[in-house]
Amino acid sequence: MPTPPEIVQLLASPVHRFEGRPADGPAPAPAGELVDEVRIRAGLGIVGDRYFGKQAHRDASITVIAAESLPAGADLVQVRRNILVRGIAVDDLVGAVLVLDSGDGPVALQVRRRANPCAWLDTTIGPGAWRALRNKGGIRCTPLNDGTLRRGPVAATVEGRLFA
């Protein structure tokens, strides 16, 4: 029986923590970057996130990754994605529209491209994580409408296909 879809974690971080060399380690995580809900603005991203409204990231301001792709114990703090879902195979959705509704109305995300993992993951998760997450690093999306997403059960559709 398939896992019912859910939003496991949400991250809205005002700072970019992966700067310099991975061997030097990431900058400290700011308090409160893991949240219970995020507000999303069409074409801009997640309010309060480091990529919100940034021109260079307008077509990829929200990142989504599947919990099934991560090693045990890893979460959004280590991979620096915005939305951690379970029960939704996100890595094959490039070009599609992923619609998530956690109870406050649908939020449509145009999936632009894969969110390729980087060498930082060997530092934040552990040796070999970078290679292990190739083709499973999640997706980069553009929000098509304003809305709110919350942790917990989520209705998820992809171009009319329901995940249940």
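Residues numbered from 1 in each chain as written. Predicted model: local features only at pLDDT ≥ 70, side-chain atom pairs only at ≥ 80, totals over all residues. Heavy atoms only, no water.

Caption draft 1: Structural detail: the overall build of the chain. Within the chain one finds 3 helices and 13 strands. When each of the 164 residues of the chain is scored for burial, the buried share is 47%. The long-range fraction of contacts in the chain, counting pairs at least 24 apart against all pairs at least 6 apart in sequence, stands at 68%. When the accessible surface of the chain is totalled, it reaches about 7900 Å², and 52% of it is carbon and sulfur. (Helix = DSSP H or I, 4+ residues; strand = E, 2+ residues; numbered from the N terminus. Buried < 20%, exposed > 50% of the residue type's maximum accessible area, 1.4 Å probe, protein only. Contact = heavy atoms within 4.5 Å. Areas by Shrake-Rupley, 256 points an atom, 1.4 Å probe, with all protein chains shown as cover.)

Caption draft 2: Representation of the pattern of salt bridges. Under the defined criterion, the tally for this structure stands at 7 salt bridges. Notably, a salt bridge pairs Glu6 with Arg86, separated by 3.1 Å at the nearest N-O pair. Here the residue Glu6 occupies a position in strand E1 (residues 6–11), and Arg86 occupies one in strand E6 (residues 83–86), the gap between them amounting to 80 residues. Residue Arg86 is classed as partly exposed on the basis of its relative accessible area of 30%. Connected through salt bridges with shared partners, the residues Glu37, Asp104 and Arg150 form a single ionic network. (Salt bridge = Lys/Arg side-chain N within 4 Å of Asp/Glu carboxyl O.)

Caption draft 3: Region of interest: unusual backbone geometry. At Asn135, a residue that is not glycine, the phi angle is positive and equals roughly 65°. Mapping Asn135 onto the fold places it in the loop between helix H3 (129–132) and strand E9 (139–143).

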